[in-house]
Amino acid sequence: MKIALINHGCAKNLVDAELMLGLLDKNGYTITLDENDADIVIVNTCSFIHDAEQESVQSILQMIDEGKKVIVAGCLSQKHDKDLKEAIPELAGMIGTSNLNDIIKIVKNIEREKEYQSIIDKAPKYIYPEEIERQQITMGASSYIKIGEGCNYRCGYCIIPKLRGNYISRPIENIVNEAKKLAAKGVTEIILIAQDTSSYGIDLYGKQALPELLEELNKIENISWIRIMYAYPTQMTDDLINAIAKLDKVVKYVDIPLQHSHPRVLESMKRPVMDYRELVKKIRDKIPGVSIRTSLIVGYPGETEEEFEHLYQFVKDVKFDRMGAFEYSREKDTYSDTLKGHLSAKIKQERRNKLMELQQKISLENNQKYIDTTIKCIVEGYTDDGVIILRSEHDAPEIDGLVYANCERQVVPGDIENVKITEADEYDLFGQIVD
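**Comments concerning the overall build of the chain**
Moving on, step 1. The number of helices and strands found in the chain is 13 helices and 19 strands.
Moving on, step 2. Compactness check: the chain gives a C-alpha radius of gyration of 22 Å against a globular reference of 22 Å for 435 residues, within 12% of the reference.
Moving on, step 3. For the chain, the C-alpha atoms occupy an extent of roughly 65 × 60 × 45 Å along the three principal directions.
Moving on, step 4. Across the 435 residues of the chain, 55% fall into the buried class.
Moving on, step 5. In the chain, once contacts between residues fewer than 6 apart in sequence are set aside, the share between residues at least 24 apart is 73%.
Moving on, step 6. Carbon and sulfur atoms make up 48% of the accessible area of the chain, which totals about 19400 Å².
Moving on, step 7. Looking at charge distribution, the chain has the averaged site of its 55 positive side-chain charges lying 5 Å from that of its 72 negative ones.

**Side note on the nonpolar core**
Moving on, step 1. Counting residues in each nonpolar core, the largest one holds 57 residues, and the members touching the most others are Leu-213, Leu-214, Leu-217, Met-236 and Leu-355.
Moving on, step 2. In contact with Met-236, other than residues within four places in its own chain, are Ala-231, Ile-241, Ile-244, Val-254, Ile-256, Leu-279 and Ile-283.
Moving on, step 3. Counting 38 residues, the second largest nonpolar core, distinct from the first, contains Leu-14, Leu-24, Ile-71 and Ile-106.

**Considering the packing of helix 12 (residues 305-318) against helix 13 (residues 345-368)**
Moving on, step 1. One can describe the packing of helix 12 onto helix 13 by two numbers: an axis separation of 10 Å at closest approach and a directional angle of 15°. Taken together, helix 12 and helix 13 sit at an angle that is classed as roughly parallel. With respect to the hand of their crossing, helix 12 and helix 13 are arranged in right-handed fashion. Residue-level contacts link Glu-305, Phe-308, Glu-309, Leu-311, Tyr-312, Val-315 and Lys-316 of helix 12 to Arg-351, Lys-354, Leu-355, Leu-358, Gln-359 and Ile-362 of helix 13.
Moving on, step 2. Classifying every residue of the contact of helix 12 with helix 13 by side-chain character gives seven nonpolar, one polar and five charged.

**Re the packing of aromatic side chains**
Moving on, step 1. One pass over the full model with this rule turns up five aromatic pairs.
Moving on, step 2. Ring centres of Tyr-153 and Tyr-232 lie 3.6 Å apart, and the angle between their planes is 10°; on these two criteria the pair is classed as stacked. Taken as a pair, Tyr-153 in the loop between strand 8 (148-149) and helix 5 (160-164) and Tyr-232 in the loop between strand 11 (225-228) and helix 9 (238-246) lie far apart in primary sequence, 79 residues in all.
Moving on, step 3. Considering the side-chain rings of Phe-308 and Tyr-312, the 6.4 Å spacing of their centres and the 50° angle between planes classify their relative orientation as tilted. On the criterion of helical spacing, the pair formed by Phe-308 and Tyr-312 is a turn pair, its members being four residues apart in helix 12.
Moving on, step 4. You can call Phe-308 buried: its relative accessible area is 1%.
Moving on, step 5. Residue Tyr-312 is classed as buried on the basis of its relative accessible area of 17%.
Moving on, step 6. Between Lys-270 and the ring centre of Tyr-335, over which it is positioned, the NZ or CZ distance is 4.2 Å.
Moving on, step 7. Against the face of Tyr-312 rests Lys-354, its NZ or CZ located 4.8 Å from the ring centre.

**As for empty space enclosed by the protein**
Moving on, step 1. One pass over the full model with this rule turns up three cavities of 30 Å³ or more.
Moving on, step 2. Volume-wise, the largest cavity comes out at about 50 Å³.
Moving on, step 3. Around the largest cavity, the lining residues are Leu-210, Ile-228, Ala-231, Met-236, Leu-240, Ile-244, Tyr-253, Val-254 and Asp-255.
Moving on, step 4. Counting only elements with at least two residues in the lining of the largest cavity, the list comes to helix 9 and strand 12 (253-255).
Moving on, step 5. Per element, the largest residue contribution to the lining of the largest cavity is three residues, and it comes from strand 12.
Moving on, step 6. A class-by-class count of the residues in the lining of the largest cavity yields eight nonpolar, no polar and one charged.

Parameters and conventions
Residues numbered from 1 in each chain as written. Predicted model: local features only at pLDDT ≥ 70, side-chain atom pairs only at ≥ 80, totals over all residues. Heavy atoms only, no water. Helix = DSSP H or I, 4+ residues; strand = E, 2+ residues; numbered from the N terminus. Rg over C-alpha atoms; globule rule 2.2 N^0.38 Å. Buried < 20%, exposed > 50% of the residue type's maximum accessible area, 1.4 Å probe, protein only. Contact = heavy atoms within 4.5 Å. Areas by Shrake-Rupley, 256 points an atom, 1.4 Å probe, with all protein chains shown as cover. Lys, Arg positive; Asp, Glu negative; His and termini not counted. Charge placed at Lys NZ, Arg CZ, Asp CG, Glu CD. Core = buried A, V, L, I, M, F, W, Y, C linked by side-chain atoms within 4.5 Å. Axes fitted to C-alpha atoms, helices over the stretch in contact; angles between N-to-C directions. Parallel < 35°, antiparallel > 145°, perpendicular 65-115°, else oblique. Left-handed = near helix turned anticlockwise from the far one by under 90°. Nonpolar A, V, L, I, M, F, W, Y, C, P; charged D, E, K, R; others polar. Phe/Tyr/Trp six-rings, centres within 6.5 Å; stacked < 30°, edge-to-face > 60°. Lys NZ or Arg CZ within 6 Å of the ring centre and 35° of its normal. 1 Å grid on protein atoms, 1.4 Å probe; cavity = no way out; pocket = protein on both sides within 12 Å on 5 of 7 lines; lining within 4 Å. Points joined across faces, edges and corners; volume = space filled by probe spheres on them.

In structure tokens, the structure reads:
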């Protein structure tokens, strides 16, 4: 039987998808990248917000319509379990977020033409299958490494801890070994991910161990860049900030989702109520040339016009290098679902648009500062008409901007090149590779 996999959601889900493919490969199954050619299709789902669920469900229904045996994995199966089977009775099997190893049991069950089987732990506890080599779906200059799973925070709008369990870190030596294997395959940038990377190690070592992990990764010879995603405000410790500042391979990029600025909204979100202006200033003072990315939520239940204006002014003053704004999405089984004062879709959309228009102007100003400077960039590939696509250390893959450049010589994806910037727009830079 040939097996294909369709992946939805975040980079953390992508790693899970690659681990499942690694398990299947180890057990002798034939994997195809073309779902039309497959007998069984695994749909690895996302359930973070309603739109993500809809997208996952569409994939499931499409594959069933095409006569495939469909296995549902990921957050949607963990969240809805029996309801999902009742809604889509044609499903061939389901596994939960902490049941990756059980994908083999489900596939064997289908092969034997036995009845539908579901393996979902009610209280998920994710243990990374360290003995499995990931079968990578995308192989380029960059690769993600999951350093932990689950979350110990209980933000008012977020369902993830219920779907993924409490935070569990991987041992430092296992992460370093994985990074070395990726480097041997030609990967030059590793991107550390978890629900919250900055809490890494607290469960294993009794203290934040991300600075120590960065020190070890920094020693790997063929790795050029190390990037950290998803830091938590209270865990941006002096040790972590200093490690980012001093380690030469750690890119000067801090991704720290703050979600809001107003104390009352932050309290209602069950987020840290602290002076974020001070935190941003501290990071910028201690890490010269740092680029700071954040994510913000507009339209949280009860958010007044004044509280939104507080957020707008905060963004205007702080001038984040990179920023994403999201409309609040109502999710069952979250604290925020029980709150009064849910706002209309129109108000949420208006507020998001207003914030993103402001950020566009800020982003253009930030990008124009690069004109006539030379910056280090990683080669990603080529456009159809031969222009080289790169990315600066200040940009994460898929969510931030790109650099487009010309060059007299051949360049190889994964190489780090110097690019002299000649033009800029709101999100991208343009220039010439120089020796």
